[in-house]
Amino acid sequence: MMQQPRTIPERNSKVMTNDDTTPRDTNPGPIDLEALHHNSFKVMMNDVVEAGSCCECGTCVLVCPHNVIDYVDGKPKQTAKESAAFDFCGISEGVGCDVCATVCPRLWPRETHLRDAVFRDERPYEDIFGVYRQIFVARTTRSDVMERAQDGGIVTALLSWARATGEIDGAVVSAVGDEDKPCFPTPKVVTTEDEIRNSASSWYTYCENNLALEEVKQRELKQVGFVGVPCQITPLRKMAHMDPAFLATDKKRPKPLARQREFLRGYSDRVAFSIGLFCTEVFRPELMTERIEQQMGIPLTDVTKFNVKGEVLIYKRDKTIATIPLEEAMRDYQRPECRHCGDFSAEMADIACGGVGTDAATIVVIRTPKGEEIWRKFQAAGNVELMPINENKRAWNILQRLARRQRDRIPPGSIRSGTADGLPQYAPADAAAISDRRRDVNAKSAAELSEALATAYGDEARPDETIRYMAGQPIPGDPGAPPPGQKRKLPPPPPPEAGGAPPGWGEVIGSQAGD
């Protein structure tokens, strides 16, 4: 007998969350949990690509096990059957697959819905910019890195140290190489310290870093550092944490099932740690080709780097700096896809970095135990200056404002897009149970089903219990949400003893005092 799908009842249309300043009309109606837990290729092509929210990360193309889609003009395109509709995948509608839609960052679960699955009970503190263990300001003391550094040179210095010490065997970055057009980076897999140093700087045009993981696989690298903007970090987490039971469908044989599992998990298994970059938006290519080169008369070959500090800064080879008002750049050249992103500070990364409100320094957010372990080793090696976040209140305040503004700017979309309020945390055990209910109990024998599930899970344990975790502690002194219509007051920066300083800050201070 077919079971009726479970739903979340319709809610009041006016809701107030911890991150809101005023109630918003966000009532999506009843939510079908059974449908929500399985996104298909058709859903992805309609609710993401056709809807205009595709971030162009390319992850769906990367993980497609059956060569159904290609990356064409920055978007996934069905190329397996020319006569078929743009949203048709014969595998999806036949034996089943949908690895592509499962890892899409623009479908539920989004970053806020993945916190239980990713962080579990390892979430000491939690704020509008996500889960964190420590937040502080840092800069490298290496002059060879600071020569090309975007802000404090931390990302480049950390990767360089990790490669030199064998923590990683390579890194995925974006960089402008000799074969690239000036100011237009492409994904790079770098394996030497020189290559890592030469990849420093940001260019503020989109670069589909996730696609470089195919080169990581081809070169048989086992433990790379991955650097990306938030919409590139989230798919990595989905590859690693989405329950694979959905792959064990009624009609599928073990061989294609094993291939699908490998494409779901295999790429993220090669990532040793991730570094997420703060990001409000990137710009369309016309900012470079029309505004800078044609209207301002600056050859792109003369540009050495870009930065955004209240205005767009264009650094030139003659050491002068040209500027464009940020309001103009955002109005005329912002990628429309970026308006669908609510994650400013790379909430799913092991370590997140950005230069907002700082001068030649980097805000560092340690989010996971893995991130803290790596950072402690890097910090112990020296070559880094450190500062508690409460010594740079301006940077803290800007981070708060930008993170909240970005969370609030997402336009409403379908329930599957993950943009409605009241959507649940993703729980692998729930997903596994729903996958079980979707199967025809008579399609496979008990032995065949057991083999299929064993293939889907590999060496993972099947989740058998749904655990809901407590949110991290709020920032001490946070005034919280204001009464309706009133402006929200910013919380003070956390003190060192409440996550506002680097790991082992007391030992660092003691060491400096003894010098």
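Residues numbered from 1 in each chain as written. Predicted model: local features only at pLDDT ≥ 70, side-chain atom pairs only at ≥ 80, totals over all residues. Heavy atoms only, no water.

Undergrad: Could you give me a rundown of the overall build of the chain, with the residues and numbers involved?
TA: Per the secondary structure count, the chain includes 18 helices and 19 strands. Relative to a compact globule of 515 residues, whose C-alpha radius of gyration would be 24 Å, the chain shows 23 Å and is just as compact. For the chain, the C-alpha atoms occupy an extent of roughly 70 × 50 × 45 Å along the three principal directions. Across the 515 residues of the chain, 55% fall into the buried class. Considering only contacts within the chain whose residues lie at least 6 apart along the sequence, 74% involve residues at least 24 apart. Measuring between centres, the 65 positive side-chain charges of the chain sit 2 Å from its 74 negative side-chain charges. (Helix = DSSP H or I, 4+ residues; strand = E, 2+ residues; numbered from the N terminus. Rg over C-alpha atoms; globule rule 2.2 N^0.38 Å. Buried < 20%, exposed > 50% of the residue type's maximum accessible area, 1.4 Å probe, protein only. Contact = heavy atoms within 4.5 Å. Lys, Arg positive; Asp, Glu negative; His and termini not counted. Charge placed at Lys NZ, Arg CZ, Asp CG, Glu CD.)

Undergrad: Give a description of the sheet that holds strand 17 (residues 351–354) that names residues and reports values.
TA: Across the sheet, which stays open at both edges, the 8 strands sit in the order 11-10-12-13-17-18-9-19 with mixed pairing between neighbours. If you trace the sheet from one side to the other, it starts and ends with strand 11 (186–190) and strand 19 (384–388), each paired once. The mean inter-strand angle of the sheet, taken between neighbouring strand axes irrespective of direction, is 25°. Where helix 14 (residues 369–380) meets the sheet, it contacts strand 9 (134–140), strand 13 (271–277), strand 17, strand 18 (362–366) and strand 19, and its direction lies at approximately 125° from that of strand 19. (Pairing = 2+ DSSP bridges. Axes fitted to C-alpha atoms, helices over the stretch in contact; angles between N-to-C directions.)

Undergrad: Help me get a handle on the side chain of T156, residues and values and all.
TA: Note on placement: T156 falls in helix 7 (residues 154–165). Exposure remark for T156: the relative accessible area of 10% places this residue in the buried category. Residue contacts for T156: discarding those within four places in its chain leaves V145, I196, R197 and A200.

Undergrad: Give a description of the environment of D169 that names residues and reports values.
TA: Assignment of secondary structure puts D169 in the loop between helix 7 and strand 10 (170–175). In contact with D169, not counting residues within four places along its chain, are R163, T191, L221, K222, Q223 and V224. Within the structure, the side chain of D169 is placed 2.7 Å from the backbone nitrogen of K222, a separation counted as a polar contact. (Polar contact = N/O pair within 3.5 Å; in protein donor to acceptor, adjacent residues only side chain to side chain.)

Undergrad: Any details on the packing of aromatic side chains? Residues and values, ideally.
TA: Inspection of every chain in the model, using the stated rule, returns 10 aromatic pairs. Grouping aromatic residues by their ring pairs yields a cluster made of Y125, F129, Y132 and W396. Positioned above the aromatic ring of Y315, the side-chain terminus of K305 is 4.9 Å from the ring centre. (Phe/Tyr/Trp six-rings, centres within 6.5 Å; stacked < 30°, edge-to-face > 60°. Lys NZ or Arg CZ within 6 Å of the ring centre and 35° of its normal.)

Undergrad: Hey, could you go over the pattern of salt bridges for me, with residue numbers and the actual values?
TA: Evaluated as defined, the whole model comprises 33 salt bridges. The partner of K188 in a salt bridge is E179, with the nearest N and O atoms 3.8 Å apart. The closest approach of N and O atoms between E347 and R407, which form a salt bridge, is 2.5 Å. Here R407 lies in helix 15 (residues 393–408) and E347 lies in the loop between helix 13 (326–333) and strand 17, a separation of 60 residues in the sequence. (Salt bridge = Lys/Arg side-chain N within 4 Å of Asp/Glu carboxyl O.)

Undergrad: Please give an account of the nonpolar core that cites residues and values.
TA: The biggest cluster of nonpolar side chains holds 68 residues, and the ones touching the most others in it are F129, I135, V172, L213, F278 and V365. Element by element, the count of residues in this core is highest for helix 15, at 5 residues. In this structure V365 touches F129, Y132, Q134, I135, F278, D350, I351 and A352, once residues within four positions along its chain are discounted. V155, I168, I196 and F273 belong to the second largest nonpolar core, which has 29 residues in total. (Core = buried A, V, L, I, M, F, W, Y, C linked by side-chain atoms within 4.5 Å.)

Undergrad: Could you give an account of unusual backbone geometry, with specific residues and numbers?
TA: For the peptide bond that leads from W108 to P109, omega is 0°, which places it in the cis range. Residue placement: P109 occurs in the loop between helix 4 (99–102) and helix 5 (115–119). Residue K319 is not a glycine yet carries a positive backbone phi of 75°. A positive phi angle, near 65°, is found at N383, a position not held by glycine. Inspection of the secondary structure puts N383 in the loop between helix 14 and strand 19.

Undergrad: Describe in detail the sheet that holds strand 16 (residues 321–325), supporting the description with residues and values.
TA: Ordered in space as 14-15-16, the 3 strands form an open sheet in which the pairing is antiparallel. Only two strands of the sheet have a single partner each, and these edge strands are strand 14 (303–308) and strand 16. If you compare each strand with its neighbour and ignore which way they point, the axes differ by 20° on average. Inspection of the sheet shows strand 14 paired to strand 15 (residues 311–316) by 5 bridges, in the antiparallel sense. What sits directly across from N307, in strand 15, is L313.

Undergrad: Summarise the packing of helix 11 (residues 254–265) against helix 17 (residues 446–457); cite the residues concerned and give the values.
TA: The geometry of helix 11 relative to helix 17 is characterised by a closest axis approach of 8 Å and an angle of 25° between their N-to-C directions. Classified by the angle between their axes, helix 11 and helix 17 sit roughly parallel to one another. The two elements helix 11 and helix 17 meet at a crossing, and its hand is right-handed. The residues of helix 17 that touch helix 11, namely those facing P254, L257, A258 and R261, are E451, A452, T455, A456 and Y457. Considering only residue class, the contact of helix 11 with helix 17 consists of 6 nonpolar, 1 polar and 2 charged. (Parallel < 35°, antiparallel > 145°, perpendicular 65-115°, else oblique. Left-handed = near helix turned anticlockwise from the far one by under 90°. Nonpolar A, V, L, I, M, F, W, Y, C, P; charged D, E, K, R; others polar.)

Undergrad: I'd like a rundown of the packing of helix 7 against helix 14, residues and numbers included.
TA: Put simply, helix 7 and helix 14 touch, their axes get as near as 10 Å, and they point 85° apart. Judged by the inter-axis angle, helix 7 sits roughly perpendicular to helix 14. In contact with I154, A157, L158 and W161 of helix 7, helix 14 contributes I374, W375, K377 and F378. Here the contact of helix 7 with helix 14 is composed, by residue class, of 7 nonpolar, no polar and 1 charged.

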